[in-house]
Amino acid sequence: MVSGGNSKKEAEAFKSMKDFLKETGGYAIIDGGLATELERHGADLNDPLWSAKCLLTSPHLIHTVHLDYLEAGADIISSASYQATIQGFEAKGFSVEKSESLLRKSVEIACEARNSYYEKCKASSDDKILKKRPILVAASVGSYGAYLADGSEYSGIYGDLITLETLKDFHRRRVQVLAESGADILAFETIPNKLEAQAFAELLAEGEVKIPGWFSFNSKDGVNVVSGDSIKECISIAETCEKVVAVGINCTPPRFIEGLVLEIEKVTSKPILVYPNSGERYDAERKEWVENTGVGNEDFVSYVEKWMDAGVSLLGGCCRTTPTTIRAIHKRLVTRRSLFSSSSHH
């Protein structure tokens, strides 16, 4: 049952990624890493629930980080629900109702941060980035591997016991709750294999989910997704799904992005997004990032032109990237966007 007010709100909200990109000057900026920033603001994330732990202990920090990214120029912010699952919360002793309310809360915090940002825009007249612009709230959906919290979202190997149906049953309710929480789009991210992409596509096709989604895969060799499945086959699954409005790559070292995008280009007509890691290596056993294995902000941003030349229109950062990274991307985009605007007026 949808009340009249609700469906009208949806109709006015996000219609299509292509229209959104027209409004943002041909390119849109996705926010950067959440966990590292939360820790920088004093959160303790040593927990299988990771960023989601903050929903319980320090929602104000999540709000602060979202706002930092908006002030740095992000056009899309993602909720702190990547690792938040009903099953994960239940394992912590929460009821289904409480678990679902935490999922909703993750999206509500992001929506509130967008409102705070708009309030700030009203009050301020001089700062270039502080201007009212279309901003999307994406509800983040992590993979089954992210729930296991054993690093298997970095391998994509779930074992023979995990079937298409298992994955659909695992994600169904969570996806539905997130879709009804006020987000504009669902971000299915760090998808490690073809099976899970198929599960997400089939869930979207069931018709219960009323908002669109994007599919983003991760790679550790620059050729395939982490499980060894072909990137082209994975993208093809998204391509046939009408509700998927953008496809791409996240949580992957920057040096692999261009080659992957050129492969994706061959099989999709949808906008392409990339939000790579800083390039540091994650040690799943020690549950920590290996210092000095990544690239600095300058190097990260120097890739941006290449990615756009390769066909990317939505870009941001994933693990270990910060508002500084996003601000630097925003700076790089100023020229591109003005070129886009002047060419689209002719």
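All of these numbers come straight from a predicted model, not from anything done at the bench.

A. Looking closely at the pattern of salt bridges. Under the definition given, this model contains 17 salt bridges. Across the pair Asp75 and Arg337 runs a salt bridge whose closest N-O atoms are separated by 2.7 Å. Here the residue Asp75 occupies a position in the loop between helix H5 (59–72) and strand E2 (76–78), and Arg337 occupies one in helix H15 (residues 323–344), the gap between them amounting to 262 residues. Here Asp75 and Arg337 have matching classes, each one buried. Note that Glu202 and Lys168 form a salt bridge whose closest N and O atoms lie 2.7 Å from each other. Residue Glu202 is located in helix H10 (residues 194–205), and its partner Lys168 is located in helix H9 (residues 164–179); the two are separated by 34 residues in the primary sequence. Classification of Glu202 as partly exposed rests on a relative accessible area of 25%. Three or more residues are tied together by salt bridges with common partners; here these are Asp75, Arg133 and Arg337.

B. Representation of the packing of aromatic side chains. Under the criterion given, the structure shown has twelve aromatic pairs. When the ring of Tyr117 is compared with that of Tyr118, the centres are 6.2 Å apart and the planes differ by 55 degrees; the resulting orientation is tilted. Here Tyr144 and Phe170 contribute two aromatic rings whose centre-to-centre distance is 5.0 Å and whose plane-to-plane angle is 85 degrees, an arrangement assigned as edge-to-face. You can see Tyr144 sitting in helix H8 (residues 144–148) and its partner Phe170 sitting in helix H9, a full 26 residues away along the chain. A relative accessible area of 13% means that Tyr144 is categorised as buried. By relative accessible area, which is 8% here, Phe170 ends up buried. Ring-pair connections join several aromatic residues into one group, and the members of that group are Tyr144, Tyr147, Tyr158 and Phe170. If you follow Lys132 out to its NZ or CZ, it ends over the ring of Tyr118, 3.9 Å from the centre.

C. Inspection of unusual backbone geometry at higher detail. Within the chain, Thr190 stands out as a residue other than glycine whose phi angle is a positive 50 degrees. Following the sequence through the fold, Thr190 ends up in strand E4 (residues 185–191). Among the residues examined, Thr190 registers a relative accessible area of 2% and is labelled buried.

D. Summary view of the nonpolar core. Counting 86 residues, the largest nonpolar core has Leu186, Phe215 and Phe217 as the members making the most contacts within it. In terms of residue count, helix H7 (residues 96–123) provides more of this core than any other element does, ten residues in total. In this structure, Leu186 is in contact with Ala139, Val141, Val175, Leu178, Ala179, Leu204, Val209, Ile211, Pro212, Gly213 and Trp214, ignoring residues within four places of it in sequence. By size, the runner-up hydrophobic cluster in this structure holds 20 residues, among which are Phe14, Leu21, Ile76 and Ile185.

E. Main features of the packing of H5 against H7. Packing of H5 against H7 leaves a shortest axis separation of 9 Å and a crossing angle of 50 degrees. Between H5 and H7, the crossing angle belongs to the class labelled oblique. In terms of crossing hand, the pair formed by H5 and H7 is right-handed. Along the contact surface, H5 presents Pro59, Ile62, His63, His66, Leu67, Leu70 and Glu71, while H7 presents Lys105, Ile109, Ala110, Glu112, Ala113, Arg114, Ser116, Tyr117 and Lys120.

F. Seen up close, the UniProt feature "binding site: Zn(2+)" (unreviewed entry) in the protein chain. Under the UniProt annotation, "binding site: Zn(2+)" (unreviewed entry) lies at Cys251, Cys318 and Cys319. Of the residues just listed, which span 69 residues, no C-alpha pair is farther apart than 6.5 Å, and they cluster in one region. Mapped onto the elements of the fold, Cys251 is located in the loop between strand E6 (244–250) and helix H12 (257–265). You can call Cys251 buried: its relative accessible area is 8%. Look past the residues within four positions of Cys251 in its chain and what remains in contact with it is Tyr154, Thr190, Asn218, Tyr275, Pro276, Asn277, Cys318 and Cys319.

G. Examining the packing of H9 against H10 more closely. At a minimum axis separation of 9 Å, H9 and H10 run at an interaxial angle of 50 degrees. By the angle between their axes, H9 is oblique relative to H10. Between H9 and H10 the crossing geometry is right-handed. When H9 is examined against H10, the residues Leu164, Leu167, Lys168, His171, Arg172 and Val175 are found in contact with a partner set consisting of Leu195, Glu196, Gln198, Ala199, Phe200, Glu202 and Leu203. For the contact of H9 with H10, the class distribution of residues is seven nonpolar, two polar and four charged.

Rules and cut-offs
Residues numbered from 1 in each chain as written. Predicted model: local features only at pLDDT ≥ 70, side-chain atom pairs only at ≥ 80, totals over all residues. Heavy atoms only, no water. Salt bridge = Lys/Arg side-chain N within 4 Å of Asp/Glu carboxyl O. Helix = DSSP H or I, 4+ residues; strand = E, 2+ residues; numbered from the N terminus. Buried < 20%, exposed > 50% of the residue type's maximum accessible area, 1.4 Å probe, protein only. Phe/Tyr/Trp six-rings, centres within 6.5 Å; stacked < 30°, edge-to-face > 60°. Lys NZ or Arg CZ within 6 Å of the ring centre and 35° of its normal. Core = buried A, V, L, I, M, F, W, Y, C linked by side-chain atoms within 4.5 Å. Contact = heavy atoms within 4.5 Å. Axes fitted to C-alpha atoms, helices over the stretch in contact; angles between N-to-C directions. Parallel < 35°, antiparallel > 145°, perpendicular 65-115°, else oblique. Left-handed = near helix turned anticlockwise from the far one by under 90°. UniProt positions renumbered as here; feature names shortened; annotations may be inferred. Nonpolar A, V, L, I, M, F, W, Y, C, P; charged D, E, K, R; others polar.

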